[in-house]
Each structure stands twice: as C-alpha cells, then as structure tokens.
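# Understanding the architecture of this molecule
Chain by chain, the residues run as shown.
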Amino acid sequence: MNRKKDKGFESPRPFKLTHQVVCINNINFQRKSVIGFVELTIFPTVVNLNRIKLNSKQCRIYRVRVNDLEAPFIYNDPTLEVCHHESKQRNLNYFSSAYTAAVSAVDPDAGHGELVIKVPSELWKQGDEMNVLKVYIEFSLDQPKGGLHFVVPDVEGSMAERGAHVFSFGYQNSTRFWFPCVDSYSELCTWKLEFTVDASMVAVSCGDLVETVYTHDMRKKTFHYVLPIPTAASNISLSVGPFEILVDPYMHEVTHFCLPQLLPLLKHSMSYLHEIFEFYEEILTCRYPYSCFKTVFVDEAYVQVSSYASMSIFSTNLLHSAMIIDQTPLTRQCLAQALAQQFFGCFISRMSWADEWVLKGISGYIYGLYLKKTFGVNQYRHWIKEELDKMVEYELKMGGLPVGSNGHLTCPTPHLHFSIKHPHTLSWKYYKMFQCKAHLVMRLIENRISMEFMLQVFNKLLSLASTASSQKYQSHMWSQMLVSTHSFLKSISNVSGKDIGPLIKQWVDQSAVVKFFGSFAFNRKRNVLELEIRQDYTSSGTQKYVGPIKVTVQELDGSFNHTLQIEENSLKHDIPCHSKSRRNKKKKIPLMNGEEVDMDLSAMDADSPLLWIRIDPDMSILRKVEFEQADFMWQYQLRYERDVVAQEESILALEKFPTPASRLALTDILEQDQCFYKVRQGACFCLAKIANSMMSTWTGPPAMKSLFTRMFCCKSCPNIVKTNTFISFQSYFLQKTMPVAMAQLRDIQNLCPKDVLNFILDLIKYNDNRKNKFSDNYYRAELIDALTNSLTPAISISNEVRTVDNLNGDVRLILEEITRSLNMEKLLPSYRNTITVSCLRAIRMLQKNGHIPSDPSLFKSYAEYGHFVDVRVAALEAVVDYTRVDRSSVELQWLLNMVQNDPAHYIRHKILSMLGKNPPFTKAAESPLCNEALVDQLWKLMNSGTSHDWRLRCDAVNLYYTLFGLTRPSCLPLPELGLVLNLKEKKAVLNPTIKPEQGPDTTEMTGITMGGLITMETVSSVSMSSGVAPPPQGLKRKLDSVVGPLGSSSPEPGQVLQEEDTSKKFKIRVRISSAEDEIDMESPHDSQAFIHHHLNILERPSTPGKEPPAVDQAVLSLPVTPLPSSFGKESTSSSKHSGDHHHHHHHHEHKKKKKKKHKHKHKHKHESKDKERDSHAFSNSPASGRSVRSPSMSD
C-alpha cells in the first residue's frame, strides 16, 4: 500500500519521538502520591528546534533538562478552567465553543501541548547535524483526580493486606494525566518502563518484564518492562497492587492478575481465553502481535474493559465462579472485545480522530464474527438488530451521528450541544453510539465486498504493520502502523477491486438513517404483488435512500428474494408471484432454509399465495422499517420464519392484534424448544400485553400460568415448583422470564389477578436450590422483579395516614417478602448482590404507587461508598427518581455533592447520566428547583470542577443541556449589557452604561469580524470588516498596543515564548454564531475569559520557517488579548511551585534583549508594554487573588 504522497502521515510536530523512558520510583498509597521522571528521545525534523511542546496535566514538574542542560519551561492548561471564574456567562453555546477551543489549544494531534520547553540556545547549532535531543523531566503527582486511580480500602493491616492498588485509566488519550508525554495516537515510539514498589506489591505494565530487582534492604523491588514495538503513549498503562498471579495453562505467554483471594474465580473466568486467541489468529491469519498478554482485574474500574498495548485492565466484577450462568457470556464478550482491540486499536493505531471509526469498526466487526462462532448465528443476528435499533433511535432523536473524517468537517451539527471534532468534547452516549455505528458500517462493507476480501484487507493492514514494527531504527517506517480512512479504502479497492466510495459517503460522511414505510396489495388478475415503499426523509436524522433493496417474499411454493431498485421518486414495485394458489393439494411448504413444513392454511386469504413479506431482511441498510401486513401473515412469520430477527419483528407487530389466533401463535412459540430463547422471552411479554387487551374475552387460566405449571411444577401438586435444575439454559431463561411477564397481567379493576400474585409468592416460598449445581440468584432476583411488576397505584382515601398497619393485604405480603429477602441478603449476600438491587427497585415502586411513605433515607444509606457498585447504582437511581417526583432540592444537592466527592469515578459518571435520563426538571417546565444557585453550581462543575475526567465533564455538559438548554437559563436575572451585538445587521453597539474598567472587554469584542478573518500584518493596521462600528479612540489605542508583539518583523530563532513567528501573515479565524452556530452572541460575553483559552495560540510559537499549524485547524475565537493577563494565568498550579519564579525572570530578560533588536516604529508602545508586563507579571495570576481585569490595566 504505497500511499499517495499527499495522503501519507505528516507529523504536526517539528520533531520525531523515537524512544521514551518512564521511571516511577515511589508510589505512596497513604498519601496517594507518585514521584518519577521521564526521558524522551527526540529527533528534530527542522533546523534549530527551539520549542518542544509536550502534554502533561496535573503533574507537578520540578525540573526539565535537555541533553543535561537546564531548560526553562512554561506550563499552561486551559482546560482547568474553561471560562474565566469571574465570567457571568451562563449559556451553553458559549461554554461549548470555549471548551472546544481550550481542548484544541493543547491538542497533540495539532502539535500543541500544555508544557512548552525552551531548548537551551547551546543546542541550537546542533540543528544542522540534526543531533538527537534527550528531554529529561522530573515530576510528581499528588492525589491525582484523573489518570491514576488509587483504591485504598479503609481496613486494618498493611497496604498489601488491605488489597490497596492503583491503576491507570482514562477515556481516549489520557496518559498525560500521569506522566508527561506526547499524548497522541499517531506519535509512536519504543518504551522502557520502570516501577519501584513495595516488595509485597506487583507492578504490571506494557511490554515484556525483563527483570525485577530488589533493593538492598529487600523492602522494595523494581520492575523493568521493555516494549520494543512502537506504541503511542495513549496505549501505555500501569497497575500496581498485591495481585495474585495466574499463568494461563493453555498459553504460557498470557498472564492473569487479580486481587487477593479471587484466584479460584480468575481460574474459571479465564479458562476460555485461549479459544478467543485461536479464533482471532485463525480468521486474521496473523499471529497475536505482542510477545505477551496480561489481564488485570481491578476494583472501582472506570469502564469494564480498557485495552492498552499488550495488556487489558478489567473490572473485577467480571470474575465469576462456575455456578453463575448469566455473567458467563457477558464476561466472555468483554474478553473478546479486549482482545479484538489488541489487534486494532493498540497494535494498529490511528492517524487522527477522524480515522477512529476504522479502528472501532474493525475491532467491533471481528468481535461480531467471534460472537457468531461462539454464541451462534441467532445470537449474532439478534445483536446486530439490537445495535441497529439503538443507533437508529439515537440518530432520529439527536438528528444524526456522523462518524467519518469528512463527516466531522462537512456536516454542520447545530443540533448537538457538543463539538464532535474532538474525542474529549463528545457526550459518552454519542461515543457509544459512534462505536456501534462504526461496526455496523463495517458490516455494510462486508455485504458489498464479501467476508473473504474483508479478512484479506485486515490481514494486509496487520502484516504491513508488523513489518514496520520490526524496523528497529527506521522510525519513518512506523507510520505504516497507523491506519487512516484513506489507506483503509485504498486497501479495500486493491484487494477487492471494488470502489466503496459511495457507500462511505452515504453512511460515514453523512449522518442520517433511512426510514421506510411499506404496504402491499395482491393483484389476482396479473398474479403480481404490488409493493409500495415510501420514505420519510424530511424529519430530523433521516436521509433519502437511492439504490438496491432486497425484499423476501414467502409464497406457497417457497421463499423468493427480489432486489428492487429504489429510484428518486418510484414508490410502487411490481413483483411477479410464482405460485398459483393451490389450496387443495396437500403439499409441504418449503422455507428459506430448505426445510419443508406442513402449515394450517385456513387463516390465509383464499386468493393470494403470499404467506409473508420482509423488506431488507439482511439489515444491509441503516434503516427503520415499518411494514403493514395482515395479522395472519405476522402469525405465519412468527411460527415458520427461521430468522430470529423476523420472529422478533412479528412479536412486536402482534401486540397490535389482540386476537385468539395471535395468542395461539405466541403460546406455540413458548412451547417450541427449537426456538431461540430470546424470541421466547419476547413472546412472554407480548402475550401479557395481548391478554390485557383481551381482558373481557380471555378464557381459561391467566396467560402462561398453565404453561409454567406444565413445564416447571410438580405433577402431583401444581402450585409447588420443582427443585431447580438449570441444566437446560433455554428453559432456565424461560423460567426466569415468565413470572416477570405474568406479573404484568391486569384484571378488570386494573389490579394484578389474585391467583397470579399468589402463584408468584408460592414460587418464592417453595424455591429450592439444594440439588442445583448453578446459583439461582438471578432467578430469585427476577421473582422479586415480578412482585414489583404486580404493584398498582394505591387507592387513597383523602385523610388516611399511610402506615404499614392499614396496608392492602396483598401489598402487605409483597412488602414482607421484600423485607425478608433484603435481610437475608445481609447474612448471605448473593452474587453481585442481585437480590438487593431488585429489592431496592421494589421499595421505590411501593413508594411511587403510594403504598408506603416516600422517603429517600434507605436509598441514601445503600448509596454510600463501600457498598457493591450495582447496589449503589440501584439506590442512586431511586434517589434520582425521588428528586424528580418530590422536587426535592435537598436530595439534588446530596447527589451533586456525591458527583464532586465520591471516590469511584464510575459512580460519579452514573449519577450525572441518570440525572440526564430522568431529570429533576427540564428546560420546558417551570420548577422550584431551577434557581440561580443551581445554575452556578452546575456551571462551576463543568467549568472547573471536572477538568480531571473528560467523560465526567461531558456528562455535566449533558445535564446542563437537559436542564437549561443551549441559551442562558431562564431562571437567571438579566445582566447589564456590556456590549450588544446585533447579528441581523452585523453591528456591534457599545452600551453607554459601561463602567470604565470594562475597557479591555469591549476592545476585544470590537476586534470580531463576522465570520471573517482578522489578518495582522503590522501593528498599525488592524483590518476590521466594515460591519463593525469603530471603537472609541482610547480603545483603539489599547487595541494597537495589544497587537504590538504580533507585528514584530523577522524574529530570530529562539524567540521568546510569547511571540509568534509572524514574518508570515498571521491569520486568526473568528467564528460567530450567525455564520456557524458556535458562540451565542445574544447574551453578553466576558470576552476576557473567552480569550484566555486562545492564549496558547499567542503563547505557543511555531518553529521559525513554519507557519503555526494550529491557527488554521483550531477554531480560534478571539486571540486579541492583552498579554499580561496571559502571563499571569500561566497556570495556577505552576505558580505555586517554589522553583518556578526564575523561569519568569528568564523570560523577561530575554524579552528586553529581544526588543532592542527590532527597529520598530512603535517603540513607545513596546516600552509601555514592558513596564506593564513587569509590574503585573505575578500580581495578575489568579493565585494572587487579583482579578485580571484590574483597573490598573486600563489606559
């Protein structure tokens, strides 16, 4: 695959990283701190490299040396506080654009970083020989809030006895949270990793463990790992703890690690892993790329599976014993996902965020193939249908989901409240749907070019990458290990000879799905089927589909496939029928899979040979189909179609046809052992719905009761259930589901029928698991869910006080059962506390239905840190629901405090997403909860409270959007306007009531040109578009002095950090809401804050001779800003460090020397600028408590 020259990988950095050493020599569990150093080996790719930009968040940096010379550095992280703390801005549009700009400003994919190191001038001349630079950085982390997670249980004993452990985590590229690096998936290098830990602990990291060395006193040991395969920093991880170690008995290069006392569970859960390895290696015809693989199971995991180079970190809750049924497939699926990501995601990395869909798509696709092989075609088809439905629903709700490279750039996304140009600004739900769509698109490509070619393409990508990875010292070859959309498509056309451009354009670059409505008529004279297929392509999230569509028609003579061409405006399609309707001859009817069956054809329409019709049966379009056919056709489809997707569709359709025939069809399916168990589970719930609709005409015992009795109860005593044997998983799942569905039955009074309730209570009472080799915890939990389902609202008498004494008799029985189960759980907890979870849900239902007083205190006690995570989530869900129903501000405060202070990251994420799903109020309705304090609290949370966790910050943005929408929250008072921008006439009008110290504010606002470019050639001319009113004289002067440093001519190499190389024309793009929906200009801006985040643009220089790449890519909003403030706000964290001030001085001296070199006509401005800079350099930092908008700064 020789890429076109223009499409090859071009690094945004003026250097190439070839090797990195990470050495952590102290991990303190008491203080939760880490001390260490990194050393990066860098090859400059330009002459006189004078700036090195690296990524680093929350690390305290003590010293930086380049080739043993001390080097000054500046550290500035604009994402710590997105909008300045004094900002009165409260609208989300404004926040979103500021946040996107802040993230882009330190985006490693654009060559930026939080840490800017000045290369000592002695090393510049080496640029000619292009010598290697070694950058050595000492750093420490103290109580990290992100990147590394310490789990220190609060019990007796040493750290190892307590099971204390630490592991790295993060979403997308988050390695910068725990050591300085180039945190980009496209910058590969080889690694040497050293970790010194207590002798009782084990450090697990990427690569091969070369040796472990004890210290002299034998109290500590150092683990040395080497990773010879070039890998991105984002795929490096670490976990340290008193792990028990298991070498895989089938594959000795695989090692498993778990927390103390969990070894038996680990042995069982991992006994299967080698089969997944064999499967992937076989279909990809390629060996696993690394020399070893490690799985580590940790507590309080961030996500269930996170994959890193040669190791994966899993949640310890995935481990299970041989007695557990329900968890087994889930754990195997997690293992299979992790292993698929080792090939595509860790070994093969991506060029840019726009290519992420390829990696996620391939790993999701080969995981699907594994599902198909292990769990069968039915499970696979069911999974595809589930994923497709989820994704279609999300697209229709959100109005589109672009996944591809062009999609990021060409699709405007005004319907979203977050930017999709960067992984760190996405909502978590969007990211999950994005992964889902990616693998569905891969499946569409497979439909187009065949599976064989698809696997050849993957093999080609892998073999190119493994060739490249073995080139030890030729780092320019390593870019073959990066995949891009372009190289992937090229590879497809080379292998298959097919051009799939249109397919990519339609599903990857465009963001929308297709909505089909189908109906038909049979023309007896012509013996044709007249099929009408309409589309809805006007509503949000839909597109118009033109192209082939497959229709399957089942007739008396067999099943026939037709491919129709959907044209611009064709609706009707004539399909000739094969069979003349022959009722009289008793013939078997051939089905799709070649099976021949006898059917009772009495329900059919006498004239028509059609049994049923399906549109797009293979799901080869991302679509939603609504098809109308007669009830008997759905019933035939349910009984005789052998595809589970068709059966699930017919079950859904039969809900609308409550007839005895439907009832019979569903009951038959329940009794069929050959039928896929998920279809039978669906049939249970459908049968309950039909029974409720046929309440008056229903004959015989309640639905499913006789069936359940026949299948699972004693012959002699039908109300006593047999002792459990879950040998047949089919019937186990059915036995679990039927009572839950039966509990949804209602009688004429809309109550659960008495005999159903007693039946469920008997099931609980006589449940006997003594002879069963499997655990019945999930079954018992479902029986409690059944009790919950049987609850109906209490009939309340106006003045009656709700007490347990005057409870309805049935409800009392339910409450006693729940209380008993909850108390039993405290003595004998079930696996994953499933029963507690169900009991908590049941209690909340009792409260909601008015049977017991509403009170959140029980849930709050179960939600405290220390309970099992599933229990906490269930309890929190109840508190969230209580908050909404009772409009309780106390509980809302309690939840938000937990979001800020809870030790478990997953729980914080869960609280915010549950509040988003079930919000206490929405932007549409008035609510006493909606007040200024809450707006401020949430604003603070997303602005500065969540800078350590991308996912959490996006969750907070989501919640803010759900509660207040995109514009200024309605409950806030109107502010005094500092500047009014009239977008229709594109004018900026200064408000006469401006206070004098707001001078700088307005300055920047007038520098806005509507959607245009501000080009600054020299200081004297700041070209403004004619639409903007000229600023008052004083402000004009101010503006000039602001632009001062930009206009300097021909800078030397080694220019000072705050100056840009502007010998080339410097363009700054300004986006305005009228043009591109980025910033909401209707409410006034605190532009000062807005700008802070574009400072980096002014602060980070490019290397001379190269125009800064940043400026064009990132959307910079208003970089015209007084520099002193920038200097003050380098970063609160760095100004607190003791040894940092001399760097500032260094810069100032440098600055003065520099000024003399310029023969510049605006000399007086520079002098005044210098005075100003010296007087405010430190006093302006937020740490000093002085506001950046201090009066002394104005003219």
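Provided above is the structure to which this section pertains.
Residues numbered from 1 in each chain as written. Predicted model: local features only at pLDDT ≥ 70, side-chain atom pairs only at ≥ 80, totals over all residues. Heavy atoms only, no water.

Across its full length, the protein holds 37 helices and 35 strands. Going through the 1195 residues of the protein one by one, you find that 61% of them count as buried. In the protein, the proportion of contacts linking residues at least 24 apart, taken out of those at least 6 apart, comes to 73%. With an accessible surface of roughly 47,400 Å², the protein has 53% of that area assigned to carbon and sulfur atoms. (Helix = DSSP H or I, 4+ residues; strand = E, 2+ residues; numbered from the N terminus. Buried < 20%, exposed > 50% of the residue type's maximum accessible area, 1.4 Å probe, protein only. Contact = heavy atoms within 4.5 Å. Areas by Shrake-Rupley, 256 points an atom, 1.4 Å probe, with all protein chains shown as cover.)

Moving on to the side chain of Gln-635. Its place among the elements puts Gln-635 in helix H12 (residues 631–640). Residue classification places Gln-635 among the buried residues on the basis of a relative accessible area of 6%. In this structure the side chain of Gln-635 is engaged in a polar contact, spanning 3.0 Å, whose partner is the side chain of Ser-662. When near neighbours in sequence (up to four residues on either side) are disregarded, Gln-635 contacts Leu-654, Thr-659, Ala-661, Ser-662 and Ala-665. (Polar contact = N/O pair within 3.5 Å; in protein donor to acceptor, adjacent residues only side chain to side chain.)

What follows covers a nonpolar patch on the surface. There is a patch of nonpolar side chains on the surface, built from Met-824, Leu-827 and Leu-828 and spanning about 330 Å² of accessible area. The residue Met-824 is located in helix H20 (residues 809–827) in this model. According to the relative accessible area criterion, Met-824 is partly exposed, its value standing at 36%. (Patch = residues over 30% accessible without salt bridge, like charges linked within 9 Å, V, L, I, M, F, W, Y side chains within 5 Å. Salt bridge = Lys/Arg side-chain N within 4 Å of Asp/Glu carboxyl O.)

This part covers the pairing of strand E10 (residues 165–168). Neither face of E10 is exposed, since His-165 and Phe-167 on one face and Val-166 and Ser-168 on the opposite face are all buried. Relative to E10, strand E9 (residues 148–151) is paired through four bridges, and the arrangement is antiparallel. Of the residues in E10, the one forming a bridge with Leu-148 is Ser-168. Inspection of the sheet shows E10 paired to strand E15 (residues 238–241) by two bridges, in the antiparallel sense. By the bridge assignment, Val-166 is partnered in E15 with Val-240. (Pairing = 2+ DSSP bridges.)

Along the chain, Arg-90 turns up in the loop between strand E6 (73–75) and helix H1 (92–105). Residue Arg-90 is classed as buried on the basis of its relative accessible area, which comes to 11%. Beyond its immediate chain neighbours, meaning those up to four positions away, Arg-90 contacts Val-935, Asp-936, Trp-939, Tyr-960, Arg-968, Pro-969 and Leu-972.

As a further point, take the packing of aromatic side chains. The full count for this structure, using the stated rule, is 48 aromatic pairs. Grouping aromatic residues by their ring pairs yields a cluster made of Phe-277, Phe-279, Tyr-280, Tyr-288, Tyr-290, Phe-293, Phe-343, Phe-347, Tyr-370 and Phe-375. Note that Arg-332 overlies the ring of Tyr-272, its terminal NZ or CZ placed 3.9 Å from the centroid. The ring of Tyr-961 has Lys-923 lying over it, and the distance from NZ or CZ to the ring centre is 4.3 Å. (Phe/Tyr/Trp six-rings, centres within 6.5 Å; stacked < 30°, edge-to-face > 60°. Lys NZ or Arg CZ within 6 Å of the ring centre and 35° of its normal.)

We now examine the pattern of salt bridges. As enumerated under the stated definition, the model contains 47 salt bridges in all. A salt bridge links Arg-642 to Glu-595, with the shortest nitrogen-to-oxygen separation between them at 3.0 Å. Separated by 47 residues along the polypeptide, Arg-642 in the loop between H12 and helix H13 (644–654) and Glu-595 in the loop between strand E28 (589–590) and strand E29 (596–597) bring together distant segments of the chain. Accessibility expressed as a relative area gives 32% for Arg-642, which makes it partly exposed. Glu-595 sits in the partly exposed class, given a relative accessible area of 31%. Linked by salt bridges that have partners in common, Arg-381, Arg-614, Glu-641 and Asp-643 make up one network.

Before going further, it helps to spend a moment on unusual backbone geometry. Even without being glycine, Asn-833 reaches a positive phi, approximately 50°. Assignment of secondary structure puts Asn-833 in the loop between H20 and helix H21 (834–848). The phi dihedral of Arg-887 is positive, around 50°, even though this residue is not glycine. Here Arg-887 lies in the loop between helix H23 (869–886) and helix H24 (889–901). Note on Arg-887: relative accessible area 44%, which makes it partly exposed.

To continue, consider the sheet that holds strand E3 (residues 51–54). The strands that make up a sheet pair up through hydrogen bonds in the backbone, lying either parallel or antiparallel. Reading across the sheet, the three strands line up as E3-E7-E6 and stay open at both edges, with antiparallel pairing between neighbours. Every other strand in the sheet has two partners, leaving E3 and E6 as the edge strands with one partner each. When the angles between neighbouring strand axes are averaged without regard to direction, this sheet yields 15°. (Axes fitted to C-alpha atoms, helices over the stretch in contact; angles between N-to-C directions.)

Now for the sheet that holds strand E25 (residues 547–555). In spatial order, the strands read E26-E25-E30; together these three strands make up an open sheet with antiparallel pairing. The strands lining the two open edges of the sheet, one partner per strand, are strand E26 (558–566) and strand E30 (610–615). Neighbour to neighbour, the strand axes of the sheet diverge by 20° on average, direction disregarded. Looking at chain direction, E25 and E26 are connected through nine bridges and run antiparallel. Directly across from Val-553, in E26, lies its bridge partner Phe-560.

With that settled, the discussion passes to helix H16 (residues 705–712). Inspection of H16 places Leu-707, Phe-708, Thr-709 and Phe-712 among the buried residues, and these make up the whole buried set. Here the buried face of H16 lies against helix H14 (660–671), helix H17 (729–742), helix H18 (754–765) and helix H19 (777–789).

By the element assignment, Ser-363 lies in helix H6 (residues 356–398). Judged by its relative accessible area of 5%, Ser-363 falls in the buried class. Separated by 21 residues in sequence, Ser-363 and Gln-342 have C-alpha atoms that sit 8.7 Å apart. A polar contact is formed between the side chain of Ser-363 and the backbone oxygen of Lys-360, at a distance of 3.3 Å.

To continue, consider the packing of helix H8 (residues 428–449) against helix H11 (residues 501–509). Direction vectors running N to C along H8 and H11 enclose 160°, while the axes themselves pass 11 Å from each other. Classed by the angle they form, the pair H8 and H11 counts as roughly antiparallel. Classified by chirality, the crossing of H11 by H8 is right-handed. Residues Lys-437, Val-441, Leu-444, Ile-445 and Arg-448 of H8 pack against Leu-503, Ile-504, Trp-507 and Val-508 of H11. (Parallel < 35°, antiparallel > 145°, perpendicular 65-115°, else oblique. Left-handed = near helix turned anticlockwise from the far one by under 90°.)

Bringing the packing of H6 against H8 into the picture now. Packing of H6 against H8 leaves a shortest axis separation of 4 Å and a crossing angle of 120°. The pairing of H6 with H8 is recorded here as oblique in orientation. Counted by class, the contact of H6 with H8 contains 19 nonpolar, four polar and 10 charged residues. (Nonpolar A, V, L, I, M, F, W, Y, C, P; charged D, E, K, R; others polar.)

Now for the environment of Ser-620. Positionally, Ser-620 belongs in the loop between E30 and strand E31 (623–627). Sequence separation between Ser-620 and Asn-447 is 173 residues; the distance between their C-alpha atoms is 7.0 Å. The residues touching Ser-620, leaving out its near neighbours within four places in the chain, are Leu-444 and Asn-447. Here Asp-616 takes part through its side chain, which lies 3.0 Å from a polar atom of the side chain of Ser-620.

Within the largest apolar cluster, 330 residues are counted, with the highest numbers of intra-cluster contacts made by Ile-117, Tyr-280, Phe-344, Trp-357, Ile-445, Phe-458 and Phe-488. Here the element with the most residues in this core is H6; it accounts for 19 residues. Setting aside its immediate chain neighbours within four residues, Phe-344 contacts Leu-284, Leu-359, Ile-362, Ser-363, Ile-366, Phe-458, Leu-461 and Leu-462. (Core = buried A, V, L, I, M, F, W, Y, C linked by side-chain atoms within 4.5 Å.)

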